Amino acid sequence: MKIEQAYTIVTSPGRNFVTLKIVTDQGEYGIGDATLNGREMAVVAYLEEHVIPTLIGRDPQRIEDIWHYLYRGAYWRRGPVTMSAIAAVDMALWDIKAKLAGMPLYQLLGGKSRDRVMVYGHATGRDIEACLEEVARHVDEGYKAVRVQAGVPGIASIYGVAKKDGEPYEPADSDLPAEHVWSTSKYLNHVPKLFAAVRERFGEDLHVLHDVHHRLTPIEAARLGKEVEPYHLFWLEDCVPAENQEAFGLIRQHTTTPLAVGEVFNSLYDAKALIENQWIDYIRATLTHAGGITHMRRIADLAGLYHVRTGFHGPTDLSPVCLGSAIHFDTWVPNFGIQEYMPHTSATDQVFPHDYRFEDGHFIVGETPGHGVDIDETLAKQYPYKRASLPVNRLEDGTLWHW
Ligand SMILES: O=C(O)[C@H](O)[C@@H](O)[C@H](O)[C@H](O)CO
Ligand SMILES: [Mg+2]
């Protein structure tokens, strides 16, 4: 069996997605997600110029060999563009292999470790009251876990909070990067009040999460972790930028609030010290940005040795192809923690027909051979690419900060 054809499909049914389709000489095909939010066309160029020409004629069943060919063979290792391109190939090849086997992907990985996959949804509001209403809506819809992000008095635009209450949050909302102004002190003073209000209204059973989005220093993160301890967060996410993995050692000494990190990671080596030192509790790297199923399996296995569980990144900027594959992975992986879920627009769901379903706060994996997600190429053509950038953040004195 040989790979006969491979091509990218760029579509924007509400936001941009990049999909790689690989077709074999026997008519079977698989698809993989290659979406890197705000840098979509860089991955398309990488795939079209450097990857696709080397795939033609190869045996699509040799997933492991093709992974190493693309990783070692590039000479220039790692990085989000390279690893997203490799991930798309890998996901498409696992899709083909599972279709050839006549099995849903989770069976090929080792079968079910659980019947359903717990997800967390996003509650957002411009102030605490509006945010509590959104938490209540999620609880009514069956969610068992909710990420809680509210506006902070004195900060005009903040990560995770939609422009209008009740609307979904989409950060890549302008052609060129918008500029936001950030105040660490205003934020730190506000967050404990938000979680006190959440526990007061919803009691102890609901799992609650919070995303700091990389904005604190280690000692500030330690303070926040300590101050929210009475509210028993499921996790505190990305409390500091993680290039310096040792920073988490300092935070860990000060707080028992569980820590999650890794949505911007693309390799095992981004997380090696974090995992081996047990500085974190959840690893958030996911299939599209961290080298696909083949590499993510290695990260999850290492994490399992150190009591670290998975908490896959799952915003709307990852396509249903990634989400569908992630649900198979989550169904199999022994050290599963939770899956992030931001519902896609209905236009996106139409472009990417899929067999996973949401029920009572959980995803239920499908039984279709492969990863269970397809692409309607005719419909995809109706939504042309439109450049969209993530914002940047500045401190009140104008210093460029982490967004
Ligand atoms: O926890 C999350 O879901 C993330 O922080 C996202 O919302 C990112 O900001 C987005 O993926 C950037 O493209
Ligand atoms: Mg995040």
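Residues numbered from 1 in each chain as written. Chains lettered and ligands numbered in written order. Predicted model: local features only at pLDDT ≥ 70, side-chain atom pairs only at ≥ 80, totals over all residues. Heavy atoms only, no water.

This part is about empty space enclosed by the protein. One pass over the full model with this rule turns up two cavities of 30 Å³ or more. If you trace the largest cavity, you find 15 residues lining it, with Gln149, Ile158, Tyr187, His210 and Asp211 closest to the centre. Those elements that place two or more of their residues in the lining of the largest cavity are strand 5 (145-150), helix 6 (184-202) and strand 7 (207-211). If one sorts the elements of the lining of the largest cavity by residue count, helix 6 sits on top with four residues. Class assignment for the residues of the lining of the largest cavity results in nine nonpolar, four polar and two charged. Contributing to the lining of the second largest cavity are Thr286, His313, Gly314, Pro315, Leu318, Ser319, Cys322, Leu323, Ala326, Gln339 and His344. (1 Å grid on protein atoms, 1.4 Å probe; cavity = no way out; pocket = protein on both sides within 12 Å on 5 of 7 lines; lining within 4 Å. Points joined across faces, edges and corners; volume = space filled by probe spheres on them. Helix = DSSP H or I, 4+ residues; strand = E, 2+ residues; numbered from the N terminus. Nonpolar A, V, L, I, M, F, W, Y, C, P; charged D, E, K, R; others polar.)

Tetrahedral coordination by four donors puts the ideal angle at the metal at 109.5 degrees, and octahedral coordination by six puts it at 90 or 180 degrees. The coordination sphere of the magnesium ion (ligand 2) contains the protein donors Asp211 (OD), Glu237 (OE) and Glu263 (OE), at a distance range of 2.0 to 2.1 Å. As a motif over one chain, the donors of the magnesium ion (ligand 2) read D-x25-E-x25-E. In this pair, Glu237 sits in strand 8 (residues 235-237) while Glu263 sits in the loop between strand 9 (259-261) and helix 9 (272-276), placing the two residues 26 residues apart along the sequence. Across this residue pair, the class does not change: Glu237 and Glu263 are buried. (Donors = N, O, S within 2.8 Å, 3.2 Å for Na, K, Ca; no water. Buried < 20%, exposed > 50% of the residue type's maximum accessible area, 1.4 Å probe, protein only.)

What follows is about the pairing of strand 4 (residues 117-125). On a regular strand, one side chain projects to one face of the sheet and the next to the other, so that they alternate. A large share of strand 4 lies buried, amounting to nine of its nine residues. The sheet contact formed by strand 4 and strand 12 (residues 336-340) spans two bridges and is parallel. What sits directly across from Val119, in strand 12, is Gln339. Inspection of the sheet shows strand 4 paired to strand 5 by five bridges, in the parallel sense. (Pairing = 2+ DSSP bridges.)

We now examine the sheet that holds strand 3 (residues 29-33). Ordered by their spatial adjacency, three strands build an open sheet running 1-2-3, and the pairing between neighbours is antiparallel. Edge strands, defined here as strands with exactly one partner in the open sheet, are strand 1 (3-11) and strand 3. Along the sheet, successive strands turn relative to each other by an average axial angle of 20°, direction set aside. In terms of strand pairing, strand 1 meets strand 2 (residues 17-24) through eight bridges, oriented antiparallel. Its bridge partner being in strand 2, Ala6 is matched across the sheet by Ile22. Packed on one face of the sheet, helix 1 (residues 40-55) meets strand 1 and strand 2 and runs near 175° to strand 1. Taken strand by strand, helix 3 (residues 80-101) contacts strand 1, strand 2 and strand 3, and its axis lies near 145° from that of strand 3. (Axes fitted to C-alpha atoms, helices over the stretch in contact; angles between N-to-C directions. Contact = heavy atoms within 4.5 Å.)

Here the focus is the nonpolar core. In this structure, Ile22, Val89, Tyr187 and Phe248 are the most contacted members of the largest nonpolar core, which totals 115 residues. By residue number, the principal contributor to this core is helix 3, which donates 10 residues. The residues touching Val89, leaving out its near neighbours within four places in the chain, are Leu20, Ile22, Leu47, Val51, Leu55, Ile66 and Leu70. Within the second largest apolar cluster, nine residues are counted, among which are Met118, Phe234, Trp235 and Tyr282. (Core = buried A, V, L, I, M, F, W, Y, C linked by side-chain atoms within 4.5 Å.)

Moving on, we get to the UniProt feature "domain: Mandelate racemase/muconate lactonizing enzyme C-terminal" (unreviewed entry) in the protein chain. UniProt marks residues 128-258 with the feature "domain: Mandelate racemase/muconate lactonizing enzyme C-terminal" (unreviewed entry), using the numbering shown here. Counted over residues 128-258, helix gives 38% and strand 14%. Its end C-alpha atoms are 23 Å apart. (UniProt positions renumbered as here; feature names shortened; annotations may be inferred.)

Attention shifts here to unusual backbone geometry. You will see that Asp238, though not glycine, has its phi angle at about 45°, which is positive. Residue position: Asp238 is located in the loop between strand 8 and helix 8 (247-254).

Glancing now at the packing of aromatic side chains. Under the criterion given, the structure shown has 17 aromatic pairs. Look at Tyr356 and Phe363: their rings are 5.5 Å apart centre to centre, the planes differ by 80°, and that puts the pair in the edge-to-face class. Here the two residues Tyr356 and Phe363 agree in accessibility, since each one is buried. Through pairs of rings, three or more aromatic residues link up here, namely Tyr143, Tyr341, Tyr356, Phe358 and Phe363. Above the face of the Phe17 ring, Arg15 is positioned so that its terminal group lies 5.9 Å from the ring centre. The ring of Tyr69 has Arg58 lying over it, and the distance from NZ or CZ to the ring centre is 3.9 Å. (Phe/Tyr/Trp six-rings, centres within 6.5 Å; stacked < 30°, edge-to-face > 60°. Lys NZ or Arg CZ within 6 Å of the ring centre and 35° of its normal.)

Each pocket or cavity is described by its volume, and for the largest pocket that value is around 1100 Å³. Taken together, 42 residues line the largest pocket, and the ones lying closest to its centre are His214, Glu263, Val264, Leu390 and Trp403. Looking at the lining of the largest pocket, its residues break down into 19 nonpolar, 13 polar and 10 charged.

Within the secondary structure, Ser319 sits in the loop between strand 11 (309-312) and helix 11 (320-332). Once you skip the residues sitting within four places of it in the chain, Ser319 turns out to touch Phe17, Asp33, Thr35, His344 and Phe352.

Here the focus is the site of ligand 1. Around ligand 1, the structure places 14 residues, and the nearest of them are Asn37, Tyr159, His213, Glu263 and Glu340. At 3.0 Å from an oxygen atom of ligand 1 is found a side-chain nitrogen or oxygen belonging to Asp211. Look at ligand 1: alone it shows 340 Å² of surface, and the protein chains cover 94% of it. The cavity where ligand 1 resides is the largest pocket. By residue class, the composition of the shell around ligand 1 is four nonpolar, three polar and seven charged. (Near = heavy atom within 4 Å. Polar contact = N/O pair within 3.5 Å; in protein donor to acceptor, adjacent residues only side chain to side chain. Areas by Shrake-Rupley, 256 points an atom, 1.4 Å probe, with all protein chains shown as cover. Sits in = over half its atoms within 2 Å of the grid points.)

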